[in-house]
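# Remarks on the overall topology
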Amino acid sequence: KGFAWYEEVGVLPAAGDLPLRLPDPERSIDGHSRDVSLTRTGLIAVGATAVFYVALVLPLSGTYFGALFGARGWVPYVISYLSIWCGVLLAAKYVRVRRRVRALAFDFLPETIADELTPENVPVFLDYLSRLPGQFSEDFLFQRIRRSLEHFQSRGRVSETVDQLRLDSERDEGIVESSYTMLRVFIWAIPILGFIGTVLGIGASVSGFSEAVASAADLDVMKDSIGVVTTGLGVAFDTTLIALVMSIFIMVPTSSLQKTEEDYLARVDDYCQRRLVARLSDGAGSGQASEGSLDAAADRLVSKVIEALDRRMPGVD
């Protein structure tokens, strides 16, 4: 049994029948568990980098591609690792975003329980949420609905619950924004590494040329030395080429995925507005209307009394 089975049948199972862990209310409060793990993805990237060099670079060592990644010093190795790490991060984030988007189709607040959300029936909805499969516990939507219902249950006011939703929305936007920090660092660091490799290559070429010139006995030796220098410069600039190309391959999917997550948050806001806020009822609407009517009637009565007193006693202030 899984979530697809529950969704197809449309019946909520008993808590003891659920095969997955129940949502932990504290797990995603700080937002850390709702982002991919850097340690885990970093270890996966180590293995993927090793596979890349063993399965692709080494067999092509005699080609320009093999020399580009395997015969240009230590810099291409670091660039390859960081680039693959970025790819693993993006893949993990993409899978998580796809799962969260699919959750938008699930009804977390079924109208079969109640048409309106009141402080009295909120515990029933919270109990319903507690019985859902634990995979929902990391979703922004699930967490936002659960916190809003708990806040509405404790405070009993729609206006404060709406304020809570707005704060949750701002916090979720900050979580999504901060989750791309390391990717931005890698996008910045990879070109810098390429420039470092170029500087190291130029330095080595110039140093070799200086030694050759110092020991040169005739013009032919100097010509050979110049050829070595120009070849070394070409090798040095290859590291910058690798870095810039890798940066492009990382920046494009990163920007696209971030836009997808921002669109997802907008859909979460719309979901909460249509299916949560629109159904909240604290019973204060009619009371406020009655108080307003009484205040208006009292004001009119006071005005009439003052006018009557002015007519009867015009000389009295």
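Analysis parameters
Residues numbered from 1 in each chain as written. Predicted model: local features only at pLDDT ≥ 70, side-chain atom pairs only at ≥ 80, totals over all residues. Heavy atoms only, no water. Phe/Tyr/Trp six-rings, centres within 6.5 Å; stacked < 30°, edge-to-face > 60°. Helix = DSSP H or I, 4+ residues; strand = E, 2+ residues; numbered from the N terminus. Buried < 20%, exposed > 50% of the residue type's maximum accessible area, 1.4 Å probe, protein only. Lys NZ or Arg CZ within 6 Å of the ring centre and 35° of its normal. Patch = residues over 30% accessible without salt bridge, like charges linked within 9 Å, V, L, I, M, F, W, Y side chains within 5 Å. Areas by Shrake-Rupley, 256 points an atom, 1.4 Å probe, with all protein chains shown as cover. Salt bridge = Lys/Arg side-chain N within 4 Å of Asp/Glu carboxyl O. Lys, Arg positive; Asp, Glu negative; His and termini not counted. Charge placed at Lys NZ, Arg CZ, Asp CG, Glu CD. Contact = heavy atoms within 4.5 Å. Expected span 1.5 Å × (residues − 1).

### Some points on the packing of aromatic side chains
- As enumerated under the stated definition, the model contains 11 aromatic pairs in all.
- Note on F52 and F69: the rings are 5.5 Å apart at their centroids and 80 degrees apart in plane angle, and the pair reads as edge-to-face. Taken together, the residues F52 in helix α2 (residues 38–57) and F69 in helix α3 (residues 64–70) connect sequence positions 17 residues apart. Accessibility assignment for this pair places F52 and F69 in one class, buried.
- Look at W85 and F186: their rings are 5.0 Å apart centre to centre, the planes differ by 45 degrees, and that puts the pair in the tilted class. Here W85 is found in helix α4 (residues 75–103), whereas its partner F186 is found in helix α8 (residues 181–214), with 101 residues between them in sequence.
- Residue classification places F186 among the buried residues on the basis of a relative accessible area of 6%.
- Through a chain of ring-to-ring contacts, the aromatic side chains of F52, Y53, F65, F69 and Y77 assemble into a single cluster.
- Positioned above the aromatic ring of Y180 is the side chain of K93, whose terminal nitrogen or guanidinium carbon lies 4.4 Å from the ring centre.

### Focus: a negative patch on the surface
- Negative charge collects at one region of the surface, where D107, E111, D115 and E116 lie side by side.
- Looking at the secondary structure, you find E111 in the loop between α4 and α5 (122–130).

### With respect to the environment of A67
- As for its placement among the helices and strands, A67 is situated in helix α3.
- Measuring from C-alpha to C-alpha, the distance between A67 and V235 comes to 9.4 Å, with 168 residues separating the pair along the chain.
- Once residues within four sequence positions are removed from consideration, A67 is found in contact with L60, S61 and R72.

### Regarding helix α6 (residues 140–155)
- Along its 16 residues, α6 runs 22 Å from first to last C-alpha, staying within 8% of the 22 Å computed at 1.5 Å per residue.
- Most of α6 sits inside the fold, with 12 of its 16 residues counted as buried.
- Buried residues of α6: F140, L141, F142, Q143, R144, I145, R146, R147, S148, L149, H151 and F152, and no others.
- Remark: G156 follows α6 within two positions and exhibits a positive phi of approximately 70 degrees.

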